[in-house]
Amino acid sequence: MKRLLLCAVCSAILLPFGLGAQEKNATDRSAFWGNEDVYLHKQAAVMFDIIDRTLNDNPPVEGAPAVRKLALYNLDALLHETRYDNTEALYGFIGSRISKVIADMAAPVKRGVEIYKIYNDGFVARTRSATVAFDVVRGTCKGSILIPDSLMRAVADRCDVLFITHNHGDHGDAAVVKMFLDAGKPVIAPTEFMPDEARIKHIRSERIIDEELVLPNGKLRIKILPGHQGEMMNNIYVVTTDEGKTIAHSGDQYNAEDMEWIAEIGKHIPRVDILTVNCWTHRMNDFVNSFAPRMVVTGHENEMGHTIDHREAFWLTFQKMEKIDRKYTVMGWGERLAM
């Protein structure tokens, strides 16, 4: 009798806790039932986070390791689904990537050359004597800014000069230009870009131009090549630092006629260490071989200001780059390659 009573008491004590656990499990299982959009946004947040961590743990290297492909292909899937445009998950991912760049750039360069992919075709190259920005923009998606001014200003503060290749908003951003100019830093661009801003050094010719630019810790030797995107001016910049490191940035070069002189450009420029090239350039293999760089880095994947058919996917870039004759790496936003 005592045993039965004890069992009854135990059951009375434990039953509420058991029911509570069962109800909680049932709630967890059904949290998204009937809420498909909530489910997908939660899934996107989880995916952005694991992509961010995977890229942190597997930095850019030559070629295409499977783990990086998988991370970048999953990023393609998220960035080509417009329901995630301008969501907290997307902003959080971009903020994390750019914050990593800012923290990393706080340390001085020890040797060689480093290049960071900021966003789209925006890159920052660093040596011990110079930090050079190319086509750095905040980015937009459906009218909203992707990289907040606070983060972009921190990037600009760490740079010595800004080069802009052509007059498109995904390559030249008036707000970023102002950050450089107000800090007394040079901005170099073709004459079509912000022509009324007298503080910009507008340079353009249909021949190769040689320039020299004195920076706080050294100087740059610059060659400006007369490229085009269609009929639009597209300056191709080839810059060489005091350490003898040469970086070429091609902007949105895409013009069939230009390939006649580009094919011979190696005779007129120093040996290129890093060539940044837009992932949909005309005749990729011929273009890359003309510059004969030690390393090719692609740009312009997943420009969020475009419709999804022109948000160039990383998987498409890999298909193209696997056919070229040079060493290459494919970088995500906020990544660094050191050479």
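Along each chain, residue indices are assigned from 1 in the same order as the chain's sequence is written. Local features are withheld for residues below a pLDDT of 70 in this predicted model, meaning they are given only at 70 or higher, and side-chain atom pairs are given and counted only at 80 or more; totals for whole chains, interfaces and linings count all residues. For side-chain calculations, the full set of non-hydrogen atoms in the structure is used, while hydrogens and water are omitted.

## Details of the overall build of the protein chain
Runs of H or I in DSSP of at least four residues are treated as helices and runs of E of at least two as strands, each being numbered from the N terminus. Scanning the protein chain for helices and strands turns up 9 helices and 16 strands. When its C-alpha atoms are laid out on the principal axes, the protein chain stretches across 105 × 40 × 40 Å. Here the protein chain, with 339 residues, has 50% of them falling under the buried criterion. Expressed as a percentage of contacts within the protein chain between residues at least 6 apart in sequence, the contacts between residues at least 24 apart total 62%. Note on classification: 1.4 Å probe, protein chains only; a residue is buried when its accessible area is under 20% of the maximum for its type, exposed when over 50%, partly exposed between these limits. Contacts: residue pairs with any heavy atoms within 4.5 Å of one another.

## With respect to the sheet that holds strand β1 (residues 114-119)
Strand pairing requires that DSSP identify at least two bridges connecting the strands. Across the sheet, which stays open at both edges, the 7 strands sit in the order β8-β7-β6-β3-β2-β1-β16 with mixed pairing between neighbours. A strand with exactly one partner marks an edge of an open sheet, and here the two such strands are β8 (201-202) and β16 (335-338). Bridging between β1 and strand β2 (residues 122-126) involves 5 bridges; their strand directions are antiparallel. Of the residues in β2, the one forming a bridge with Y116 is V124. To define axes, lines are fitted to C-alpha atoms, for helices over the stretch in contact only, and angles between the resulting N-to-C directions are given on a 0 to 180 degree scale. Sheet strands in contact with helix α4 (residues 88-105) are β1, β2, β3 (131-134) and β16, and its direction is about 150 degrees off that of β1. Across the sheet, helix α6 (residues 174-182) touches β3, β6 (161-163) and β7 (187-189), and the angle it forms with β6 is around 145 degrees.

## Side note on the pattern of salt bridges
We define a salt bridge as a contact between a side-chain nitrogen of Lys or Arg and a carboxyl oxygen of Asp or Glu at a distance within 4 Å. Applying the stated criterion across every chain, the model contains 24 salt bridges. Taken together, the salt bridges that share partners define one network made up of D104, E114, R126 and R336.

## Here we look at the packing of helix α3 (residues 66-79) against helix α9 (residues 314-321)
Across the interface, α3 lies against α9 with an axial gap of 8 Å and an inter-helix angle of 135 degrees. Taken together, the axes of α3 and α9 are oblique relative to one another. In contact with K69, L72, Y73, L75 and D76 of α3, α9 contributes F314, W315 and F318. Under the scheme applied, nonpolar residues are Ala, Val, Leu, Ile, Met, Phe, Trp, Tyr, Cys and Pro; charged residues are Asp, Glu, Lys and Arg; polar residues are all the others, including Gly. Counted by class, the contact of α3 with α9 contains 6 nonpolar, no polar and 2 charged residues. Our angle categories are set so that under 35 degrees counts as roughly parallel, over 145 as roughly antiparallel, 65 to 115 as roughly perpendicular, and the remainder as oblique.

## Description of unusual backbone geometry
Backbone geometry at K142 places phi at a positive 50 degrees, although glycine is not the residue there. Here K142 is to be found in the loop between β4 (140-141) and β5 (144-145). Phi is positive for A292, which is not a glycine, with a value near 50 degrees. Its location among the elements puts A292 in the loop between α8 (284-291) and β14 (295-299).

## What about the pairing of strand β12 (residues 246-249)?
On β12, burial covers both faces: T246 and A248 on one face and I247 and H249 on the other are all buried. Turn length for the strand β11 (residues 232-240)-β12 hairpin, with the two strands adjacent in sequence and antiparallel, is 5 residues, and the turn residue G244 shows positive phi of about 80 degrees. Two strands pair when backbone bridges link them, and β12 and strand β13 (residues 274-278) are joined in this way by 3 bridges, in the parallel orientation. Its bridge partner being in β13, I247 is matched across the sheet by I274.

## Quick word on the sheet that holds β11
Where strands meet in a sheet, backbone hydrogen bonds hold them as pairs that are either parallel or antiparallel. Taken in spatial order, the 7 strands of this open sheet run β9-β10-β11-β12-β13-β14-β15, and their pairing is mixed. Every other strand in the sheet has two partners, leaving β9 (209-215) and β15 (328-329) as the edge strands with one partner each. Seen against the sheet, α8 touches β10 (218-229), β11, β12, β13 and β14 and runs at an angle of roughly 155 degrees to β13.

## Some details on the confidence of the model for the protein chain
Confidence in the prediction of the protein chain, expressed as mean pLDDT, is 92, and 91% of residues score 70 or more. Scored from 0 to 100, pLDDT reflects the predictor's confidence in each residue. Of all the helices and strands in the protein chain, helix α1 (residues 2-30) carries the lowest mean pLDDT, 44, while β6 carries the highest, 99. Taken together, the stretch residues 1-27 has pLDDT below 50 and engages in 0 contacts with residues farther than four places along the chain or on a different chain.

## Topic: the side chain of K185
Tracing the backbone through its elements, the reader meets K185 in the loop between α6 and β7. Counted as positive: Lys and Arg. Counted as negative: Asp and Glu, with His and the chain ends omitted from the count. Here K185 occupies a buried position and makes no salt bridge, while the nearest side chain of opposite charge, D157, is found at 4.9 Å. A 3.5 Å cut-off defines polar contacts: any pair of N or O atoms within that distance qualifies, except that in protein one atom must be a possible hydrogen donor and the other a possible acceptor, and neighbouring residues in sequence count only when both atoms are side-chain atoms. Looking at K185, its side chain comes within polar contact range of the main-chain oxygen of A156, at 2.8 Å. Among the polar contacts made by the side chain of K185, one reaches the main-chain carbonyl oxygen of C159 at a distance of 2.7 Å.

## Focus on α8
Taken as a whole, α8 has its buried residues at M284, F287, V288, S290 and F291. Buried residues of α8 fall within an arc of 155 degrees about the axis and therefore sit on the same side. Of the residues flanking the end of α8, it is A292, one or two places downstream, whose phi is positive at about 50 degrees. Taken from the helix axis, the directions to the C-beta atoms give the arc we talk about.

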